[in-house]
Amino acid sequence: MIWSGYLAAAPAQDSLEYFFDSTLVMDRSVEFDPNVPTPESVLGFQVGQWHVRPEQVAEYMYALAATSKRVWVEEMGRSYEQRPLLLVSFSNQSNIQNLATIKQSRQEFISKNAQSPNIVWMGYSVHGNEASGVNAAVLLAYYLAAAQGEQVEKLLANSVILMEPMINPDGIARFAHWVNAHKSQQLIADPMDIEHNETWPQGRTNHYWFDLNRDWLLVQHPESQARLAAFHQWKPQVVTDFHEMGTNSTYFFQPGVPSRNNPKTPQENFTLTAKIAEFHARALDAIGSRYYSKEDFDDFYYGKGSTYPDINGAVGILFEQASARGHLQNSVNGPLSFPFAIRNHLATSFSTLKAVMQEGKALRSYQSKFYQGVEKLASDHKVKAYLFDADGDNRRLNEFLKILDLHQVRYFQLARDVEVNKRSYYKNEAYLVPMAQPQFRLIRSIFETETSFKDSTFYDVSSWTLALSFNLDFSALDSSDYSSRLRGKIGKRTQNKEKFSLDDKAVALVFDWRDFNTAVLTSRLLKVNAGLKVVTKRSQFNSSNGPQWVAAGSIVLPLNEQPMTREELTYWLDDNLGELPVKHFQLTSGLAIDGADLGSPTVKTIVTPKPLLIVGSGVNSYEAGEVWHLLDTRLEWPLVKVTAAQLESLDLSAYTHLIMVSGRYRFSDDVNKKIERWVHQGGQVVASRTAGQWLSTQMWSPLEKPLTEEPAKESLTYSERDQFHAEKVIGGAIFQAEVDLSHPLAFGLERSRVPFFRRGTDHYQVAEDERFAVVARYSDAPLMSGYASAENQQQLANTPVLVATRRGQGGVIYFADNMNFRAFWWGTSKLFINSLYFPYSYWSSSNE
């Protein structure tokens, strides 16, 4: 009962009988093994009374394994915050004792259609603040471990149920702490209460503020990497993905919007999904829960938990429950309680298992055909293989190969030098991915580009071509180009560690900036106070191996006046170059054979960066997390994070860079003036995407918001409104830009045409007198892959993507796009790193 819309009586939903309604569970009449502990006996409360914490989930799962012979718990890995990533197996005693054999049989099933039980993968709460999932997992685990009945015994005899009870334990911990800390004994249903309103960055994301439900394909984080290793060992037939949505919603289960399905997924997958949906409908009808199934959500982007299975022979199913975002909250449908949300997810968990029991033969047949049919698909496909390298960036290349390994994509070292489409590929650098292999469909998704779509509305990005995100130099080979003779050894090249020794005649070491590892090595050298230089003009020097060209952007370590002795430096470099193998030379003279000498004013000193990132309310937490992750885990460089409010009293002179990712920035006049003074005194503003809105309002900024002509108004019907709005949006596409390779911000790039990830339509111009400020701009026809309306393409053509200009002793750098998108856009993260190490003082060839 609700009192004046503010107070609510505690719901009578705090018993196992409420959750295990006889219409939901496997058997109408069920008893529970008294030797198996109930959730309440371990947690100290009934599920739904409090939000369960990750350590409590782990404790309970291990308690079940200790008391039930139906349960096996393994730790797949650890999250960033060192929480266990659990995979809990449920089956009968015989199957549990033979899990290793069954797991091996799954690989034989894929290749030979051997006998195998049903394999169901059930994942809960990839978003930490969508907590009904993880709490439902606890209840389902108890049922599968302890329930006694004919149907549950039959299920366990013929199935292995793999439960991932808490996909995102770090986010779950953050959210559980928030709502439990703000829970009142008298439950507050008012949506304005603090319990229902988390502070930034909220519990949705992982430690570095990434959405793990976009990472199945990208696999940039330990949670996803651990999961994928287990996923491909088991090759499940059905994968469930339990989420929450807005409080005023009801319940959603797939199939979703038919016109937005990915065409690479076989139609039979959607037919099976629709068949399984009938089981969910019956379950929710039985308990009086409202739902929908063919709107809002789609099966297009393969990086989500409900779609990645679709490209891997399984049926992935998304479930969305209206969220209480706490323990009880008013909604347009009446008071929404946490136990009610949990029960709905538990209901569709049971209905999934019932569907697998009844449709198991069809699911196994579908998965077998999915893989057995790829040989013919590959034979009929025009492209026979993809050939690629990474322009001398071995770290970037190896990171791409790591993704292929995680997805079980076979690749080969190139056996001989070859030229394709006027591009040269060398056997010591390039790799080959043949199409004729089980992951045929996934390989297409990794390499292909698409610009034509049946539907222009996308729940997530419209393109994710990994070969473009890594800025690989790649070519598609048809039957006239491809031969099995191009295939060398399978897998990546092994690089033996060579002992580093310093030439007695050496005066300096030079490191190749093309390789991402050189940036990491630079960070490590700066941490030990090494003095470093950067070459800004291509020059030739004598080295211990003869004359050597040194490219612009190369890092120079002069051997004199360093804090370490030559002997100490030798040991240090031996250790670090063994871990970070990068191309390097030992120069025997500072006198250039051609170009600038080492003592030239054009050889600049690298200033130790001291970056500052604005975080907090109004800032895009995803993009802030991407910068934090890049610097902290990849570049190995400390990053100070402050809120906008702290700028009022902060001494900016202690920092070299002020990083402003996409967000709404509204500073006081005093802070605006403080930033302007700091820039003129040597500070560097690095802004991206919608931070340009603030930047364009500053008199000292190079950015100007362009005047856009209002298109002629046309008469549209109400039914056309969705299509009209969809065409205004760029939800995520890949655009091509031309980069000025002579600019220091482009150091390390080999090709001027670079793929950028584009989201949104914000764009800016630069003032007439800033003609040299544009480092990169979109091409005439910028769309490479994904959806962007013709109007948006025309509007963005030739607009600046990267702007850099000096202001006093400092400077301003603006990125129109996100250089670090979801941590897999390795191709443009180089530009962002360059903004840290090669700022304003390198934009002129003379000392100023």
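Residues numbered from 1 in each chain as written. Predicted model: local features only at pLDDT ≥ 70, side-chain atom pairs only at ≥ 80, totals over all residues. Heavy atoms only, no water.

As a further point, take the overall build of the protein. Along the backbone of the protein there are 23 helices and 38 strands. Seen along its three principal axes, the alpha-carbon backbone of the protein occupies a region of about 90 × 65 × 65 Å. Taken over 848 residues, the protein has a buried fraction of 61%. Pairs at least 24 residues apart make up 80% of the contacts formed inside the protein by residues separated by at least 6 positions. Taken as a whole, the protein presents about 33,700 Å² of accessible surface, with 47% of it coming from carbon and sulfur. Of the charged side chains in the protein, 83 are positive and 94 negative; the average position of the first set lies 4 Å away from that of the second. (Helix = DSSP H or I, 4+ residues; strand = E, 2+ residues; numbered from the N terminus. Buried < 20%, exposed > 50% of the residue type's maximum accessible area, 1.4 Å probe, protein only. Contact = heavy atoms within 4.5 Å. Areas by Shrake-Rupley, 256 points an atom, 1.4 Å probe, with all protein chains shown as cover. Lys, Arg positive; Asp, Glu negative; His and termini not counted. Charge placed at Lys NZ, Arg CZ, Asp CG, Glu CD.)

With their axes 8 Å apart at the nearest point, helix α10 (residues 267–286) and helix α11 (residues 338–372) run at an angle of 155° to one another. With respect to α11, the element α10 is oriented roughly antiparallel. Viewed along their axes, α10 and α11 form a crossing whose handedness is right-handed. Among the residues forming the contact of α10 with α11, the class breakdown is 10 nonpolar, seven polar and five charged. (Axes fitted to C-alpha atoms, helices over the stretch in contact; angles between N-to-C directions. Parallel < 35°, antiparallel > 145°, perpendicular 65-115°, else oblique. Left-handed = near helix turned anticlockwise from the far one by under 90°. Nonpolar A, V, L, I, M, F, W, Y, C, P; charged D, E, K, R; others polar.)

With that settled, the discussion passes to the sheet that holds strand β4 (residues 71–78). With respect to topology, seven strands assemble into an open sheet ordered β4-β5-β8-β6-β9-β11-β10, the strand pairing being mixed. Lying at the two open borders of the sheet, with one neighbouring strand each, are β4 and β10 (251–253). Taking the axes of each pair of neighbouring strands and ignoring which way they run, one obtains an average angle of 20° across the sheet. Across eight bridges, strand β9 (residues 238–245) lies against strand β11 (residues 315–322) in parallel orientation. When the bridges of β11 are listed, methionine 245 appears paired with alanine 322. The strands that helix α3 (residues 54–67) touches are β4, β5 (84–90) and β8 (159–164); relative to β4, the one it contacts most, it runs at about 145°. Sheet strands touched by α10: β9, β10 and β11. Its angle to β11, the strand with the most contacts, is close to 35°. (Pairing = 2+ DSSP bridges.)

It is worth spelling out the pairing of strand β36 (residues 774–785) at this point. Pairing of strand β33 (residues 733–739) with β36, which is carried by five bridges, proceeds in the antiparallel orientation. Bridge pairing in β36 links phenylalanine 735 to leucine 783. Bridge analysis of β36 against strand β37 (residues 800–807) gives three bridges, and the strand direction is antiparallel. Each bridged residue has a counterpart across the sheet, and for valine 774 the counterpart in β37 is valine 803.

Further remarks concern the pattern of salt bridges. Taken as a whole, this structure holds 34 salt bridges when the rule is applied. Here glutamate 81 and arginine 83 are joined by a salt bridge, their closest N and O atoms 2.4 Å apart. One salt bridge connects aspartate 211 with arginine 204, and the closest N-O pair in it is separated by 3.0 Å. Relative accessible area serves as the criterion here: at 11%, aspartate 211 is assigned to the buried category. (Salt bridge = Lys/Arg side-chain N within 4 Å of Asp/Glu carboxyl O.)

Right, let's talk about unusual backbone geometry for a bit. Proline 201 follows tryptophan 200 through a cis peptide bond whose omega is 5°. A positive phi angle, close to 40°, is found at valine 219, a residue other than glycine. Owing to a relative accessible area of 2%, valine 219 belongs among the buried residues under this scheme. Positive phi, close to 50°, is recorded for asparagine 421, a residue that is not glycine. As for its position among the elements, asparagine 421 is in the loop between β16 (418–420) and β17 (423–425). Judged by relative accessible area, asparagine 421 falls into the exposed class, the value being 57%.

A few words now on the packing of aromatic side chains. In total, this model carries 52 aromatic pairs according to the counting rule given. Judged by centre distance (5.9 Å) and plane angle (90°), the rings of tryptophan 216 and phenylalanine 231 are edge-to-face. Residue tryptophan 216 is located in the loop between α8 (169–181) and α9 (222–234), and its partner phenylalanine 231 is located in helix α9; the two are separated by 15 residues in the primary sequence. Classification of phenylalanine 231 as buried rests on a relative accessible area of 1%. When the ring of phenylalanine 388 is compared with that of phenylalanine 447, the centres are 5.9 Å apart and the planes differ by 45°; the resulting orientation is tilted. Linking phenylalanine 388 in strand β14 (residues 385–389) with phenylalanine 447 in helix α14 (residues 440–447), this pair joins segments that are 59 residues apart in sequence. Classification of phenylalanine 447 as buried rests on a relative accessible area of 2%. (Phe/Tyr/Trp six-rings, centres within 6.5 Å; stacked < 30°, edge-to-face > 60°.)

Okay, the sheet that holds β36 next. Taken together, nine strands build an open sheet; the order of strands is β29-β28-β30-β31-β38-β37-β36-β33-β34 and the sheet is mixed. Looking at which strands have only one partner, the edges of the open sheet turn out to be β29 (640–643) and β34 (753–758). Between one strand axis and the next, the sheet turns by 25° as a mean value, whatever way the strands run. Helix α18 (residues 621–634) contacts β28 (611–615), β29, β30 (657–660) and β31 (684–688) of the sheet and is inclined by roughly 155° relative to β28.

Its location among the elements puts alanine 773 in the loop between β35 (765–766) and β36. A relative accessible area of 2% places alanine 773 in the buried class. Sequence separation between alanine 773 and threonine 38 is 735 residues, and the spatial gap between their C-alpha atoms is 66 Å. The contact partners of alanine 773, leaving out residues within four places of it in the chain, are Leu802, Val803, Ala804 and Thr805.

As a further point, take the pairing of β37. The buried fraction of β37 amounts to seven of the eight residues, a majority that puts the element mostly inside the structure. In this sheet, strand β38 (residues 810–815) lies alongside β37 in antiparallel orientation, the contact comprising six bridges. Looking at the pairing, alanine 804 lines up with isoleucine 813 of β38. Taking the residues between adjacent antiparallel strands as the criterion, β37 and β38 are bridged by two residues, where glycine 808 takes a positive phi near 65°.

Take the nonpolar core next. Membership of the largest hydrophobic core comes to 167 residues, with the highest contact counts inside it found for Phe388, Phe447, Phe511, Met660 and Ile675. Here phenylalanine 511 is in contact with Thr518, Leu521, Leu525, Ser554, Ile555, Leu557, Leu573, Leu577, Val582, Lys583 and His584, once residues within four sequence places are set aside. Val25, Phe90, Met166 and Leu363 belong to the second largest nonpolar core, which has 78 residues in total. (Core = buried A, V, L, I, M, F, W, Y, C linked by side-chain atoms within 4.5 Å.)

Think of an α-helix as 3.6 residues a turn; residues three or four steps apart then line up on the same face. With 12 residues, helix α19 (residues 669–680) extends 17 Å between its outermost C-alpha atoms, agreeing within 8% with the 16 Å of an ideal straight helix rising 1.5 Å per residue. Of all the residues in α19, the buried ones are Val671, Asn672, Lys674, Ile675, Trp678 and Val679. Considered in projection along α19, the buried side chains sweep an arc of 160° and stay on one side of the axis. Along α19, exposed side chains directed more than 90 degrees from the buried face belong to Asp669 and Asp670. Turning to α19, the residues buried within the fold contact β30, β31, α20 (691–695), β37 and β38. (Expected span 1.5 Å × (residues − 1). Arc of directions from axis to C-beta.)

Attention now goes to α9. Helix length check: α9 (13 residues) gives 19 Å between terminal C-alpha atoms against 18 Å at 1.5 Å per residue, within 8%. Just beyond α9, the residue with positive phi is lysine 235, at close to 50°.

Summary statistics for the protein give a mean pLDDT of 93 and a share of 95% for residues scoring 70 or more. Counting interchain partners and residues more than four positions distant, the pLDDT-below-50 stretch residues 1–11 has 19 contacts. (pLDDT = per-residue confidence, 0-100.)

Between α3 and helix α6 (residues 132–146), the least distance of the axes is 10 Å, while the angle of their chain directions is 5°. As the angle between them shows, α3 and α6 are arranged roughly parallel. Side by side, α3 and α6 meet where Val57, Tyr60, Met61 and Leu64 of the first sit next to Val134, Ala137, Val138, Ala141, Tyr142 and Ala145 of the second. Here the residues of the contact of α3 with α6 are counted per class, giving 10 nonpolar, no polar and no charged.

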